[in-house]
Amino acid sequence: MMMQGRQLALALMLLHLLLWHESVTIEVPQDPKILADLRQPPTITKQSVKDYIVDPRDNIIIECEAKGNPVPTFSWRRNGKFFNIGKDPRVTMRKRSGTLEIGFRNGGRPEDYEGEYQCFSGNDHGLAMSNKILLRVSKAPLWPKEVLEPVVVTEGSSLVLPCNPPPGLPPPFTFWMNSMMSPIPQDKRVSKGLNGDLYFSNVMAQDAQNDFSCSARFLFTHTIQQKNPFTLKVFTNDPYNDTSYNDSDPYGGRKVVESTPTFLSPLGSESAKMVLRDEQLLLECIAAGLPTPTTKWFKKGGDLPGRKVKFENYNKTMKIINVSEEDAGEYVCMANNHLGSIRHSIFVQVKAAPYWLDKPTNLVLAPEENGRLVCRANGNPKPSIQWLVNGLPIDSSVPDPSRQMMGDTIIFRSVQMGSSAVYQCNASNQHGYLLANAFVSVIDMRPRMLGPKNQLIKVIENNRTFLDCPFFGSPFPELRWFKNGQGSGLDGGQYRAYMNGTLEIKRARAEDEGTYTCVASSILGMAENQVRLEVKEPSRIVRAPEHQSAIRGSTARFDCKVKFDPSLPVTVAWTKDDKPIYLGWRLRKDEESLTIPNINEGDEGIYTCTVKTEIDQDSASARLTVLEEASLNPSVSSALPPDRPDPPMDLELSDPAARSVRLTWIPGNDHRSPVTEFLVQFEEDRWEPGRWQDLATYPGDLNSVILQLTPFVNYQFRVISINAVGHSEPSHPSPKYQTSSAAPDVIPRGLRGWGSEKDNMEVTWEPLLDLEKNGPNLHYCVWWRRKDSDGEWNNVTIIGLKHVVRNTETYVPYEIKIQARNELGAGPESNVVIGYSGEDKPTSAPTELHVSKVDSSKANIQWKPVDQVSVRGEFKEYRLYYWRESSHVPGLVFRKENKTKGFYTTVAEPSAILSDLVPFSRYKMFMVAANNRYEGPPSNTVEFSTKEGVPDAPSFFRIKRRGFDSIHLEWDKPLEPNGLLIGYQLKYQTANGSRQGRPRLETFLPNVTEFTLRLPDRSTRYNFYLSALTQVGAGEIFAEESPFFANEGDKTMKTVRVTQQPPITVADLIVGAKYHLRVYSHELSSVTSKSVTFETKAAYIDQVDIATQGWFIGLMCAIALIILILLIVCFIKRSRGGKYPVRDKKDLPLDAVDHKDPDGSFDYHSDEDNKPLQGSQTSLEGNVKESDDSLVDYGEGGDGQFNEDGSFIGQYTVKKDKDETEGNESSEATSPVNAIYSLA
């Protein structure tokens, strides 16, 4: 009867556990603002090791650090009793820490502080405790004094020299040396054992030449102590001679008795060894015998653990690292020589100190939530579990009604504020213990946003995008995403919302741009944040550089035309062999290319063009091969140009595996251009026979590769060689290779559930690709169940791509998952996807729709919301239908257009702003509630009118030149006046490049639509700004610029790239303009045609004024110059006159008045002779300087010549004397003769 009662109680308890719903523990973010406000029990963050050995020469530091809010306090126990730190002047505790420092500057012995220490850290919410720290002081005792007698041994016998080092803490490391402080050589015959003793499998006569001393090195004190040396005396049958020793006969030909193997360590035929789990196992077998035995190891009933075992000390020691339970058993070591063998069995037991299976972790809960702490540990023997709370056994602590003990688990139900505490779990057995602290913190906190406000995210179009919205709250808030403040929560389709607040957009598109709002809500409130998403075009190289070969000394040019989003700053950089290129006087880069003139051998390499923006980049590479110049290398002059390579040959398959095979081939002739890569293609005969597909590319220096394959495919391969010239022909196909079948590896993509009718849910997915099927008879297994029901999964196996779940309730969430299967087995299961059954028409309409405020283009609307139950589906939006009924502008004709706008809101008194309305118009509207599939009944219809606004721009604005000195402007009224037009205003100002003149303003009546502007100068150009006017103000501006005359404009040069054969057409030319045209090589700009000049036809002919033409002005200037020259020549001839008689008294001074001779001739003197000649200069004293043309030069100077009748020769010559060279320029400049000379 009692047995039945116990079984009934156990069954009820199990049933209770099944029905009990456990809340997910809250993960507290490491945000400084959150942590500052969050009250939490203490947590030990740092502590000293359990077995703590310290150096006696240093101060003792025992670490204990903890965190918590409020800041925790610390206390210590020593050997189980309270350690009063304040009473010991040598002990101090660090500030805001529990770390102890024990100093011995003022005396004291470290040994006095040995013992067991434990740290406690507490605040108002609990008490945490550290491990028990066993503090011990390192010791390095001296070797005991002893007198060692010489060791006498017979040659060939075994020997053990004991070390017996003094016990230190930690134990010392031992080694053997001789009196010369040289290490004793160790080998297969002589070696040190694990206990430090020196073992001789057999003694040789030369061993007596050394003495043997054991040394011990203590790690902490870094000291070495040496034992008194052993002196060895070896008895031999024959005298020992050094010269007779050799490796092949170590006994020098002497007869030494051989012996069968015997064990020196361990003794006997069997022994036992115990080792703890995760430690290392060391087993040793040292054998004596002559010849020296060889040692081998075995494990009875199994193999040695190959990855963990290691043999040392010439195979005498076997080490197994990271020991586990399966390493227990019987290990056998066998020693043998040619006389016999011997075995020894070592029985290994593996015990285990406690180790964690399920370590308790901190539990953060909101009020009324459930949780549990689990403490599971294992060991050998099995450890006992003890629970403590705040450092006290849980049985003696204050009872907590929300807490229940169930073995190694503590259950918490409906926790309350004030239930916070620190729980300790102690798992112990005879080999050690484990102690873990885990706090239970009950907190309540309004939702908070942790990320930056209004973050801007820029992504590349068609990329997978994640919008982060980190948040926190207790209880854990529910988070939903909205786009542009409208619509329902974003989850499903191309959106996926994660529990941590991240929204995934599977492929970002241009229409995904906008402002995304994440809203976290709980019973304590709500918080929201916004993320603005901008979708950018990808940066890519549309014309990539191509491999090329060029002769040394020529010019190479690599193209790199890029396309990128104009809103992103971009950089285009070139590298050569992955190193930056430094542009200088030789290398030139423009927007679309890199030019390398006068190339040499150092320019050969791989050139890479990289276009980079702040969010993406693209790159393309090409190889430049430099060829020898033909004139410098005669052998090259007759060589053929590079060509495409020959196809590879002799394809072979080897190393077959389930999903791979090795393909090997022989490369064909590269035809003077090295092969840069090989393209491997495959053809399969099951899904698409006859179609060759690219499998992989490999570098040009490989000819044997391992191909990664797909199961259930009958492959055939071929290889194509690629060099700078192009692709080779494909190779002959390889033999066929059939991969074996396997279960699917891929999860079907695109799983979704949606309702096509109000009482069903269609589950659809995308099919696996042919190469993903992995085997025959592919089918799909679909599971579904009501969300949050915890019921059994319904499932169906189907070959198609859709399953319809019927007879569902309207708009119910379902959990859905899928798995692909074939004859070989099942593939991985998908994650659970939430789908919904179908929606029905909403039954309620919004009420009391009205307009509260209207301006020219916007209206504030308000309404009463519908009951969410009446939506009968996922509430999508309130959808407003509105249309322009009429315009208040008389006679305005427009096209009526029904428009809709959606508003997502769940507030009790919703309102919205209707924008983009046409001013001065009468509108009507009504509203419906909508789910994803249907609309509900309409609300009341509302009529309202918008106010008058500013007009649109004039419908057209044309500028024409009507005359040589005027411009005529024409326009028409706006298509949307947006009010009653009262006129137009025209602003215009002169424009000269970037400088503009003073603006001028003209206004016109509404019926005036043209204007003529007189030009002060033909070259004057204007900028015009025309706008229409209403009572509200000026409307949108229509800007125009006065056109050029046919022969106006700057000289510009344009380059047109030609890729076709002539003839070609050059378009976009200016009428009436003169052009110079030449054709040149794109690669070598020095190769060019002659320049050709042509002129396009004028659109109209200007009225020409002959007075302003250049040819007419030049003709008039030439005629005037000729007339002037003729006048000057006439004047010169007149000045020279006729013949003059020679006076008898020529030395007499000339009179002031002319005297007439009887023959009617005149003397050559006049009143004018007393004046300076034209062209002479007067000195500062008033003296007259003689002219170069004076009679002294011609007559009395002796240089002049006269005719027989005494007349003066009628010529003038320019005498370049000293006066002229000293700068008398004015005499020439003012002379009529000199004026002609300067013009000649």
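Reading guide: rules and limits
Residues numbered from 1 in each chain as written. Predicted model: local features only at pLDDT ≥ 70, side-chain atom pairs only at ≥ 80, totals over all residues. Heavy atoms only, no water. Pairing = 2+ DSSP bridges. Helix = DSSP H or I, 4+ residues; strand = E, 2+ residues; numbered from the N terminus. Disulfide = S-S within 2.5 Å. Buried < 20%, exposed > 50% of the residue type's maximum accessible area, 1.4 Å probe, protein only. pLDDT = per-residue confidence, 0-100. Contact = heavy atoms within 4.5 Å. Salt bridge = Lys/Arg side-chain N within 4 Å of Asp/Glu carboxyl O. Phe/Tyr/Trp six-rings, centres within 6.5 Å; stacked < 30°, edge-to-face > 60°. Lys NZ or Arg CZ within 6 Å of the ring centre and 35° of its normal.

## Focus: the sheet that holds strand S36 (residues 421-429)
Okay, so step 1: Taken in spatial order, the five strands of this open sheet run S29-S37-S36-S32-S33, and their pairing is mixed. For this open sheet the edge positions go to strand S29 (363-365) and strand S33 (392-393), each flanked by a neighbour on one side alone.

## Observations regarding the state of the cysteines
Okay, so step 1: In the structure shown here, the tally under the stated rule is six disulfides.
Okay, so step 2: In this model Cys64 forms its disulfide with Cys119; the gap between the sulfur atoms is 2.0 Å. Torsion about the S-S bond of the Cys64 and Cys119 cystine: about -75°, corresponding to left-handed handedness. Highlighted residues: Cys64 in strand S4 (residues 64-69) and Cys119 in strand S9 (residues 115-123), separated in sequence by 55 residues. Grouping residues by exposure puts Cys64 and Cys119 together as buried.
Okay, so step 3: Shown here is the disulfide that connects Cys560 with Cys609, its sulfur atoms set 1.9 Å apart. Between Cys560 and Cys609 the sulfur-sulfur dihedral comes to about -65°; the bridge is accordingly left-handed. With Cys560 in the loop between strand S49 (556-559) and strand S50 (561-563) and Cys609 in strand S55 (residues 605-612), this pair connects stretches of sequence that are 49 residues apart.
Okay, so step 4: A relative accessible area of 1% places Cys560 in the buried class.
Okay, so step 5: For the chain, the disulfide bridges join cysteines in the arrangement 1-2, 3-4, 5-6, 7-8, 9-10, 11-12, where the cysteines are counted in sequence order.

## Here we look at the sheet that holds strand S53 (residues 588-589)
The pairing of strands in a sheet comes from backbone hydrogen bonds and takes either a parallel or an antiparallel form.
Okay, so step 1: Strands sit in the order S49-S54-S53 across an open sheet of three strands; the sheet is antiparallel. The sheet is open, and its two edges are formed by S49 and S53, each paired on a single side.
Okay, so step 2: One ladder, built from four bridges, connects S49 with strand S54 (residues 593-596); its direction is antiparallel. Looking at the pairing, Asp559 lines up with Ser593 of S54.

## Observations concerning the confidence of the model for the chain
Okay, so step 1: Residues at a pLDDT of 70 or more form 83% of the chain, whose mean pLDDT is 82.
Okay, so step 2: Low pLDDT, under 50, characterises residues 1-22; the stretch is placed with 12 contacts to residues that sit more than four places away or in other chains.
Okay, so step 3: The low-confidence segment residues 630-639 (pLDDT under 50) makes four contacts with residues lying over four places distant or belonging to another chain.

## Side note on the pattern of salt bridges
Okay, so step 1: Taken as a whole, this structure holds 45 salt bridges when the rule is applied.
Okay, so step 2: Here Glu809 and Arg786 are joined by a salt bridge, their closest N and O atoms 3.7 Å apart. With Glu809 in the loop between strand S68 (802-806) and strand S69 (813-822) and Arg786 in strand S66 (residues 779-786), the pair connects residues that are 23 residues apart, well separated along the chain.
Okay, so step 3: Judged by relative accessible area, which is 51%, Glu809 ranks as exposed.
Okay, so step 4: The structure contains a network of salt bridges with shared partners spanning Arg543, Arg557, Asp559 and Glu592.

## Describing the packing of aromatic side chains
Each pair of aromatic rings is reported with the distance of its centres and the angle of its planes.
Okay, so step 1: Taken as a whole and judged by the stated rule, the model has 32 aromatic pairs.
Okay, so step 2: Between Phe682 and Tyr715 the ring centres are 5.4 Å apart and the planes differ by 65°, which places this aromatic pair in the edge-to-face class. Taken together, the residues Phe682 in strand S59 (residues 677-684) and Tyr715 in strand S62 (residues 714-722) connect sequence positions 33 residues apart.
Okay, so step 3: Tyr715 sits in the buried class, given a relative accessible area of 2%.
Okay, so step 4: Ring pairing ties together the aromatic residues Phe482, Trp863, Phe875, Tyr878, Phe903 and Tyr904, which thus form one cluster.
Okay, so step 5: The lysine or arginine in question, Arg277, covers the ring of Tyr355, its NZ or CZ lying 3.7 Å from the ring centre.
Okay, so step 6: Stacked on the ring of Trp783, the Lys or Arg Lys817 has its end atom at 5.5 Å from the ring centre.

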